[in-house]
Every structure is written in structure tokens, then in C-alpha cells.
Amino acid sequence: MARNLVEIIRRMGMTDPRLLAAVAATPREHFVPPRSAARAERDEPIPIGHGQPTSQPSLVAQMIDALMPADKDTVLEIGTGYGYQTALLAHLAGHVYSVERYADLAEHARANLAALDVPNVDVVVGDGTAGLPEHAPFDAIIVSAAAPSVPGPLAEQLAEGGRLVMPIAATVADIVTLYTKQHGRLERQRAVTPAQFVPLVGEHV
Ligand code: SAH
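Each value, and the rule that gives it
Residues numbered from 1 in each chain as written. Predicted model: local features only at pLDDT ≥ 70, side-chain atom pairs only at ≥ 80, totals over all residues. Heavy atoms only, no water. UniProt positions renumbered as here; feature names shortened; annotations may be inferred. Near = heavy atom within 4 Å. Polar contact = N/O pair within 3.5 Å; in protein donor to acceptor, adjacent residues only side chain to side chain. Areas by Shrake-Rupley, 256 points an atom, 1.4 Å probe, with all protein chains shown as cover. 1 Å grid on protein atoms, 1.4 Å probe; cavity = no way out; pocket = protein on both sides within 12 Å on 5 of 7 lines; lining within 4 Å. Sits in = over half its atoms within 2 Å of the grid points. Axes fitted to C-alpha atoms, helices over the stretch in contact; angles between N-to-C directions. Helix = DSSP H or I, 4+ residues; strand = E, 2+ residues; numbered from the N terminus. Left-handed = near helix turned anticlockwise from the far one by under 90°. Contact = heavy atoms within 4.5 Å. Nonpolar A, V, L, I, M, F, W, Y, C, P; charged D, E, K, R; others polar. Buried < 20%, exposed > 50% of the residue type's maximum accessible area, 1.4 Å probe, protein only. Points joined across faces, edges and corners; volume = space filled by probe spheres on them. Arc of directions from axis to C-beta.

As annotated in an unreviewed UniProt entry, the protein carries the name Protein-L-isoaspartate O-methyltransferase and comes from Nonomuraea turkmeniaca. Word for word, the UniProt comment on the protein under Subcellular location (unreviewed entry) is "Cytoplasm". Under Sequence similarities (unreviewed entry), UniProt gives the following word-for-word description of the protein: "Belongs to the methyltransferase superfamily. L-isoaspartyl/D-aspartyl protein methyltransferase family."

Structure representation (C-alpha cells):
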């Protein structure tokens, strides 16, 4: 049970019952390397290989709280890692396409999601900065690595009225930012939180 994490997230002021239910239903110890399972209930990032972390759960929750997919939404996630955020999104949305550039991390994520019988996810190995044009448009897009601006293909593949959450690289910290798409263009809505992310590595950065 992820009760600890639910309490931490609630105390930070996130009260959406759908979000709290998703966190409660998602045992994070299934989404970290076995040697780190004992630390999974702490609100900390955990290394997953290739110098990459699985993000701090409260940060994942803040990003999903801003994105808040509806239950029929199709979501695109860039940066699957070990699949923790993917599992939360799958709990909230209709379908999740998740792109990871490291094949072995994608394989871990697939196995972790399958072990919990999460059915509505496709994990794809590739460069997420190109998006997945064959499955566009997406109602919501979430990016788990930082770049100076939103990659053009992701802006294009977001549906009209859709929401996009991504850390934008700035000088001191990255700023997780919420955008919506209006009249065919991305519009910045608000800064969600400052944070530190690994860089988004790809062709359209
Ligand atoms: N969201 C995950 C992982 C965060 S770490 C979690 O919280 O568990 C960021 C991930 O983004 C890493 O796994 C890294 O390999 C991946 N990544 C970076 N650039 C990418 C790109 N262009 N396409 C797909 N994945 C990318």
C-alpha cells in the first residue's frame, strides 16, 4: 500500500480524489530496482540506471495534478523510465502511449506494468521529441525530462484544447510548466513548480 505517499501528497495540498486514488493503487516498490525497494515509500528520486532517476513521487504527483487527464483521454508520456508515472497516468486516463529512449528501461517498465496487470499502456522505444504521429492527436502530453522549449512535434500532436506539462530548462532550476493548445498554438498557462530534471535528449530539442 502506498499510504505513506498518499499522506505526503495530501499534506502538500493535492486533494484531488482521483489523483490520491491513483497513488494509493500504485505500489511504487514495483517501479524501482529491487535493491531499492525498501526506499520506495520515501519521497525521493531513485536511480534506475544510465544515470537516470525515477522522479520523486510528490513531483510526479504535482505534474499529473496539473495535467489531470480525464478518464477517456489518450495521453502521450515522454521518458518512461521504470514506469511509475506511466502507471499513475494509466489509472487516470483511457490510454497511455509512453516513449523511452533506452530499450532496457522500456523493457523494465513493460515488465513492471504487466506484473500489476495494467492493460491500457503501450511503451515504445524511441526518440520522444518526435512524438508518435501515428497515434496523434493526444488529449494530454507529459514530458519527464527538461529542454529549453517544447519540441515542435509535441506541440503539433497535442489536440486542440489539450494540455501539456513539461519542465522547461532555465538557469537555476527547471520550471515545470503547464500549457494548453488554443487556436492551433501552445499557450503557457502557469509555472507548476521548480525542479531538477535530466535533460531531454533527442532530435527536436
Ligand atoms: N518519468 C519516469 C522517468 C524520469 S527520468 C519516472 O519518473 O520514473 C527521465 C527519462 O526520460 C529517462 O528514462 C530518459 O532515458 C528519458 N528520456 C530522455 N530523453 C528522451 C527522449 N528524447 N525520448 C524518450 N525518453 C527520453
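**Considering the site of the ligand**
Around the ligand sit 22 residues in total, of which T54, G79, E100, G128 and V201 are the nearest. E100 places a polar side-chain atom, nitrogen or oxygen, 2.6 Å from an oxygen atom of the ligand. Here G128 contributes a backbone N or O atom positioned 2.8 Å from a nitrogen atom of the ligand. Here the ligand has 570 Å² of accessible area as a free molecule, and 99% of this is covered by the chains. Cavity membership is defined here by more than half of the atoms lying within 2 Å of grid points; on that basis the ligand lies in the largest pocket.

**Examining the packing of helix α3 (residues 57-67) against helix α4 (residues 84-92)**
Close contact between α3 and α4 brings their axes to 11 Å; oriented N to C, the two are set at 35°. Our pair here, α3 against α4, has a crossing hand that is right-handed. In this structure, α3 contributes P57, V60, I64 and L67 to the contact, and α4 contributes Y84, Q85, L88, L89 and L92. Here the contact of α3 with α4 is composed, by residue class, of eight nonpolar, one polar and no charged.

**Some words on α4**
Within α4, eight of the nine residues are buried, leaving the element largely enclosed by the surrounding structure. Here α4 has its buried residues at Y84, Q85, T86, A87, L88, L89, A90 and L92.

**Overview of the layout of surface pockets**
Approximately 560 Å³ is the volume found for the largest pocket. The wall of the largest pocket is formed by 35 residues, among which Q52, P53, G79, S144 and V198 lie closest to the centre. When contributions to the lining of the largest pocket are tallied by element, the ones reaching two or more residues are β2 (52-54), α3, β3 (74-78), α4 and β4 (95-100). Of the residues forming the lining of the largest pocket, the biggest block, three residues, is contributed by β2. By residue class, the composition of the lining of the largest pocket is 17 nonpolar, 14 polar and four charged.

**Thoughts on helix α1 (residues 3-11)**
Taken residue by residue, α1 has L5, V6 and I9 as its buried positions. The buried residues of α1 all sit within an arc of 105° when viewed along its axis, so they share a single face. Exposed side chains of α1 directed beyond 90 degrees from the buried face belong to R3 and R11. The elements touched by buried residues of α1 are α2 (17-24), α3 and α4. A positive backbone phi angle near 105° is found at G13, which sits one or two residues after α1.

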